[in-house]
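Overview (structure and organization)
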Amino acid sequence: MSKNPFKHREPLLALMVVALVLLVGLRAPVFVSAGSLANLLTDSTLLVMLALTQMLVIVTRGIDLSVASTLALAGMVAAMLASANPGLPLVVVMLAATATGLVAGLLNGWLIGYLQLPPIVVTLGSMSVYRGLVFVISGGTWVSAHQMPAGFVAFPLQRLLGLPHLVWIALATVLLMVFVARYTRFGRDLYAIGNAPHCAAYIGIPTAKRLFWTYGLSGMVAGLCGYLWVARYAVAYTEIAYGFELTVIAACVIGGVSIAGGVGKVAGAMLGALFLSVIGNALPVLQVSPFWQSALTGAVILVAVLMNARGNRNRSRQILPLHKLDNLRSAA
């Protein structure tokens, strides 16, 4: 029987999210109203989507620091395209944003997978490049709400069966990531690469190809989120989502995704994103300074890292299944 109290991370994290909501509700009852909880769910969607694809990247022992810059670039492309062509079908604008993110992600994947460059160096560089491109294509100007077509701005919060499109898109992304991670060879290969890169190569896993498309998937979702972000807040500017990549990575770490690779679940990443969203929405309601918000988020991340380190240490001690260890002891 395992002595690790953090073995079942997801149920514990879910309870923490619920407890946090209730505790804040005791102090500020408006926080647990139907409207407030609906806004919380809507506000968390983009972070959830980005955390899920970041999870797949981290599972391979990589990291994508360029997601927020990719989001900003795709969002600016979508805003400028829509404002210059008001009659353009919305689906074309969304595809343009998604394609922009896909190309940006595939460039990262090519450099990391095929040229075998360090992920942190590549994505740190591309983070600056993509952020710079936002300034170049926009000339440093804003695209404001009155320049955007009404349908462009309205789509994310329009309702289908009582829920905003944002929530439905996030739900579809969650289901897709569950399918990819658990039921496809592609997903299983990513965990194999993260656990033992050299062994993965020996057994024939096409590591370069898998990394190429993993970063491409991360960029593609960031591109879609770029349109959703710009339309949700009805403004596009050069500093869109500045620093948001750290929040995305924090959501993964809090959700139990190991920076060492090979460990991570869709449910954990999703709950980590929800946990940070609750904190982000609760502290202003409690009139807490933004500086304390950053400090509290950092403290939560440190606790999560300690929990992950303990789990990894316990996991590394057990090389063989327990029943095989018993057999070896009996034979001795």
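Residues numbered from 1 in each chain as written. Predicted model: local features only at pLDDT ≥ 70, side-chain atom pairs only at ≥ 80, totals over all residues. Heavy atoms only, no water.

1. A few points about the overall build of the chain
Along the chain, the regular secondary structure elements total 14 helices and four strands. Burial analysis of the chain (332 residues in total) assigns 47% to the buried set. Pairs at least 24 residues apart make up 79% of the contacts formed inside the chain by residues separated by at least 6 positions. When the accessible surface of the chain is summed, it comes to about 16400 Å², and 70% of that surface belongs to carbon and sulfur atoms. (Helix = DSSP H or I, 4+ residues; strand = E, 2+ residues; numbered from the N terminus. Buried < 20%, exposed > 50% of the residue type's maximum accessible area, 1.4 Å probe, protein only. Contact = heavy atoms within 4.5 Å. Areas by Shrake-Rupley, 256 points an atom, 1.4 Å probe, with all protein chains shown as cover.)

2. A closer look at the packing of helix 7 (residues 165-183) against helix 8 (residues 185-195)
Two elements in contact, helix 7 and helix 8, have axes separated by 5 Å at closest approach and are oriented at 65 degrees. Of the possible angle classes, the one that applies to helix 7 and helix 8 is roughly perpendicular. Helix 7 and helix 8 meet at a crossing whose hand is right-handed. Note on element contacts: helix 8 touches helix 7 through Arg185, Phe186, Gly187, Arg188 and Tyr191, opposite Val180, Ala181, Arg182 and Tyr183. Here the residues of the contact of helix 7 with helix 8 are counted per class, giving five nonpolar, one polar and three charged. (Axes fitted to C-alpha atoms, helices over the stretch in contact; angles between N-to-C directions. Parallel < 35°, antiparallel > 145°, perpendicular 65-115°, else oblique. Left-handed = near helix turned anticlockwise from the far one by under 90°. Nonpolar A, V, L, I, M, F, W, Y, C, P; charged D, E, K, R; others polar.)

3. Some details on a nonpolar patch on the surface
Taken together, the side chains of Leu107, Trp110, Tyr114, Leu115 and Leu117 present a nonpolar region at the surface, about 470 Å² in accessible area. Summarising the element assignment, Leu117 is placed in the loop between helix 4 (90-114) and helix 5 (119-138). (Patch = residues over 30% accessible without salt bridge, like charges linked within 9 Å, V, L, I, M, F, W, Y side chains within 5 Å. Salt bridge = Lys/Arg side-chain N within 4 Å of Asp/Glu carboxyl O.)

4. Thoughts on the packing of aromatic side chains
For any two aromatic rings, the description comes down to two numbers: the centre-to-centre distance and the angle of the planes. Counted according to the given criterion, the structure contains eight aromatic pairs. Look at Phe152 and Tyr227: their rings are 5.0 Å apart centre to centre, the planes differ by 80 degrees, and that puts the pair in the edge-to-face class. One end of the pair, Phe152, is in helix 6 (residues 150-154); the other, Tyr227, is in helix 10 (residues 207-233), with 75 residues separating them in the sequence. The exposure classification of Phe152 matches that of Tyr227, with both residues buried. Ring-pair connections join several aromatic residues into one group, and the members of that group are Tyr114, Phe212 and Trp213. (Phe/Tyr/Trp six-rings, centres within 6.5 Å; stacked < 30°, edge-to-face > 60°.)

5. Points about the nonpolar core
Residues Met55, Phe152 and Tyr227 are the most contacted members of the largest nonpolar core, which totals 82 residues. When residues in this core are grouped by element, the largest group, twelve residues, is from helix 2 (residues 34-59). Ile112, Val122, Leu211 and Tyr215 belong to the second largest nonpolar core, which has five residues in total. (Core = buried A, V, L, I, M, F, W, Y, C linked by side-chain atoms within 4.5 Å.)

6. Considerations on the environment of Arg188
With respect to the helices and strands, Arg188 occurs in helix 8. In this structure the C-alpha to C-alpha distance between Arg188 and Gly262, which are 74 residues apart in sequence, comes to 9.9 Å.

7. Section: helix 12 (residues 266-285)
Counted at 1.5 Å a residue, the expected span for helix 12 with its 20 residues is 28 Å, and the 29 Å between its end C-alpha atoms agrees. Count one or two residues on from helix 12 and you reach Gln287, which has phi positive near 60 degrees. (Expected span 1.5 Å × (residues − 1).)

8. Topic: the side chain of Ser258
Considering the arrangement of structural elements, one finds Ser258 in the loop between helix 11 (244-254) and helix 12. Engagement of the side chain of Ser258 in a polar contact is seen with the backbone nitrogen of Ala260, the distance being 3.1 Å. (Polar contact = N/O pair within 3.5 Å; in protein donor to acceptor, adjacent residues only side chain to side chain.)

9. Quick look at the environment of Ile193
On the secondary structure map, Ile193 appears in helix 8. On the basis of relative accessibility, which here comes to 3%, the residue Ile193 falls in the buried class. Along the backbone, Ile193 and Gly261 are 68 residues apart, and their C-alpha atoms lie at a distance of 8.3 Å. Contact partners of Ile193, with chain neighbours within four places excluded, come to Thr60, Ala200, Ile205, Thr207 and Arg210.

10. A closer look at unusual backbone geometry
In this structure, Arg61 takes a positive phi of about 70 degrees despite not being glycine. Inspection of the secondary structure puts Arg61 in the loop between helix 2 and helix 3 (67-84). Since its relative accessible area comes to 44%, Arg61 is described here as partly exposed. Positioned with a positive phi, Gln116 is a non-glycine residue whose angle comes to about 55 degrees. Inspection of the secondary structure assignment puts Gln116 in the loop between helix 4 and helix 5. Residue classification places Gln116 among the exposed positions, given a relative accessible area of 68%.

11. So, the confidence of the model for the chain
On average, the chain scores 84 in pLDDT, and the residues at 70 or more come to 89%. Segment residues 1-6 is flagged for pLDDT under 50; beyond a separation of four residues in sequence, or across chains, it makes nine contacts in the model. Contacts of residues 316-332 to residues separated by more than four positions or lying in other chains number two contacts, the stretch itself having pLDDT below 50. (pLDDT = per-residue confidence, 0-100.)

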